[in-house]
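Close look at the chain arrangement
Each chain, written out:
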Amino acid sequence: MITSRYRTLVVATCIGMLLVLLAGALVTNTESGRGCGDDWPLCNGKFIPAYTLESMIEYSHRLISGIVGILVLAAFVMTLRRYKQREPLTYAGGALLFTVVQALLGAAAVLWPQTPPVMALHFGISLFAFACTLLLAVWAHRTSRGISVKPASPVPKSVYPRVVAVVLFCLVVIYLGAFIRHTDSSGGCIGWPLCNGAVIPELEGATLIVFLHRVAALLLTFAIAGMYLHIRRTSEALRNAAGWALGLVVAQVLSGALVSFTVTNGDVFIFTSLLHNLIIAGLFGILLDIAIRARRYREGSAAD
């Protein structure tokens, strides 16, 4: 029996983890990563630092992360004590693991400044932490309402590998996007859909990075559209989720265009960038849910 207290906890944890993810993106976009100097967990040697915009943003990110870390731990303990099923324990345990790794990477970035390729991984870890809390919240919602995710007929075997390929390629696109932010390359392509007024611009420096991200995002859109059409023909149970994935990837492309239109002197308008991060977080979570259900209920599977 899923209690209302447990549902409230996991939903609060999911919302909190989303705020952590967005706060981290805000730190990157405002270049506030050194707002607390080289100190961690203190900020410029103080528990409550002197007021500056950079220190306020960085310290707020740390404060939110600490509070959410407590929520993640509480959700894991409550799941372990009350709901011993494999599925929720996997989600709660994954959220705790990725939260700890995320915190360690954040501390390392402060104490020992990291290269952009390493820093880009930080967003990916945050995304996995959020996805685990989202999956846990979805599980609690479905279970509390008696919603069965088991389809009337098995999911064809062809669906699972296709969805996994989409998820993996989505991670590539996400990493490229994070790498753009950590290398301050957002101004590499001015305009959309053309890049600096050309279909194929001069591929060097920041332009090369942004152009690769745009091409990868376009390929991801085609891949998700193909996945949706395949699922629509073969699996009614996953059709709605696949439709959401298709809608979100289109929204993600449009938000990317909005980011491009709002780049000024190489700097990105913060709110369009945060919107871009928000949409990709939802898209990645839905793709993982589709992959999990496609594997569990594929033809020949022994899952209940």
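The notes below deal with the structure included here. On a predicted model such as this, the values are computed, not experimentally measured, just so you know. Every chain begins its residue count from 1, and numbering advances along the sequence as written. Owing to the predicted nature of the model, reporting of local features is limited to residues with pLDDT of at least 70; listing and counting of side-chain atom pairs is limited to 80 or more, with chain, interface and lining totals taken over all residues. Only hydrogens and water are removed before side-chain values are computed, so all heavy atoms of the structure are retained for them.

**Examining the overall build of the chain**
Under the convention used in this document: Helix and strand assignments come from DSSP, with helices taken as H or I runs of at least 4 residues and strands as E runs of at least 2, each series counted from the N terminus. With a 1.4 Å probe rolled over the protein chains alone, any residue whose accessible area is under 20% of its type maximum counts as buried; one over 50% counts as exposed, and the rest are partly exposed. By definition in these notes, contact holds between two residues if any of their heavy atoms fall within 4.5 Å. Note on areas: these come from Shrake-Rupley sampling with a 1.4 Å probe, and a residue is covered only by the protein chains present in the view.
What the chain contains, in helices and strands, is eight helices and zero strands. The helix and strand sequence of the chain, counted from the amino end, reads α-α-α-α-α-α-α-α. Going through the 304 residues of the chain one by one, you find that 44% of them count as buried. The long-range fraction of contacts in the chain, counting pairs at least 24 apart against all pairs at least 6 apart in sequence, stands at 73%. Element-wise, carbon and sulfur atoms account for 67% of the exposed surface of the chain, whose accessible area totals about 15400 Å².

**Notes on the nonpolar core**
Put simply, the rule reads: Working definition of a nonpolar core: buried Ala, Val, Leu, Ile, Met, Phe, Trp, Tyr and Cys residues. They are joined through side-chain atoms within 4.5 Å.
Residues Tyr-6, Ile-224, Met-227, Leu-287 and Ile-290 are the most contacted members of the largest nonpolar core, which totals 73 residues. When near neighbours in sequence (up to four residues on either side) are disregarded, Met-227 contacts Arg-162, Val-163, Val-166, Ala-242, Ala-245, Leu-287 and Ile-290.

**Brief notes about a nonpolar patch on the surface**
Worth spelling out the cut-off: For patch building, the residue pool is restricted to those with more than 30% relative accessible area and no salt bridge; the joining distance is 9 Å between like charges and 5 Å between nonpolar side chains (Val, Leu, Ile, Met, Phe, Trp, Tyr). By definition, a salt bridge exists where a carboxyl oxygen of Asp or Glu is found within 4 Å of a side-chain nitrogen of Lys or Arg.
On the surface, a cluster of nonpolar side chains totalling about 540 Å² of accessible area is made up of Leu-194, Val-199, Ile-200, Leu-203, Leu-208 and Leu-212. Residue placement: Val-199 occurs in the loop between α5 (159-182) and α6 (205-234). Exposure remark for Val-199: the relative accessible area of 63% places this residue in the exposed category.

**A look at the layout of surface pockets**
The cut-off we apply is this: Any residue with an atom within 4 Å of a point lines the site, the site being either a cavity, points on a 1 Å grid over the protein atoms alone where a 1.4 Å probe fits but cannot get out, or a pocket, an open set with protein on both sides within 12 Å along at least 5 of 7 lines. Grid points are joined across faces, edges and corners, and a volume is the space filled by probe spheres set on the points. Classes in brief: Ala, Val, Leu, Ile, Met, Phe, Trp, Tyr, Cys and Pro nonpolar; Asp, Glu, Lys and Arg charged; the others, Gly included, polar.
Roughly 760 Å³ of internal volume is contained in the second largest pocket. If you trace the second largest pocket, you find 38 residues lining it, with His-213, Arg-214, Ala-217, Gly-256 and His-276 closest to the centre. Sorting the residues of the lining of the second largest pocket by element identifies α5, α6, α7 (239-261) and α8 (270-296) as the ones contributing at least two each. In terms of residue class, the lining of the second largest pocket is built from 25 nonpolar, eleven polar and two charged.

**Some thoughts on the packing of aromatic side chains**
Where we set the bar: Note on aromatic contacts: the rings of Phe and Tyr and the six-membered ring of Trp form a pair at centre separations within 6.5 Å, being stacked when their planes are under 30 degrees apart, edge-to-face when over 60 apart, and tilted otherwise.
All chains considered together, the criterion is met by five aromatic pairs. Seen from their ring centres, Tyr-6 and Tyr-83 are 4.6 Å apart, and the 55° between their planes marks the pair as tilted. A residue pair is termed long-range when its members are at least 10 positions apart, and Tyr-6 in helix α1 (residues 4-29) and Tyr-83 in the loop between α2 (53-82) and α3 (86-111) qualify at 77 residues. Residues Tyr-6 and Tyr-83 agree in their burial class; the two are buried. Ring geometry for Phe-128 versus Phe-284: centroids 5.2 Å apart, planes at 90°, classification edge-to-face. With Phe-128 in helix α4 (residues 116-144) and Phe-284 in helix α8, the pair connects residues that are 156 residues apart, well separated along the chain. For Phe-284, a relative accessible area of 0% corresponds to the buried category.

**Things to note about the state of the cysteines**
Our working rule: Two cysteine sulfurs form a disulfide in these notes if their separation is within 2.5 Å.
As enumerated under the stated definition, the model contains one disulfide in all. Between the sulfur of Cys-189 and that of Cys-195 lies a disulfide, 1.8 Å long from S to S. Note on the Cys-189 and Cys-195 pair: the S-S dihedral is about -85°, so by sign convention the disulfide is left-handed. Each member of the pair, Cys-189 as well as Cys-195, is classed as buried.

Honestly, that's just the spatial picture; any functional story needs more than this.
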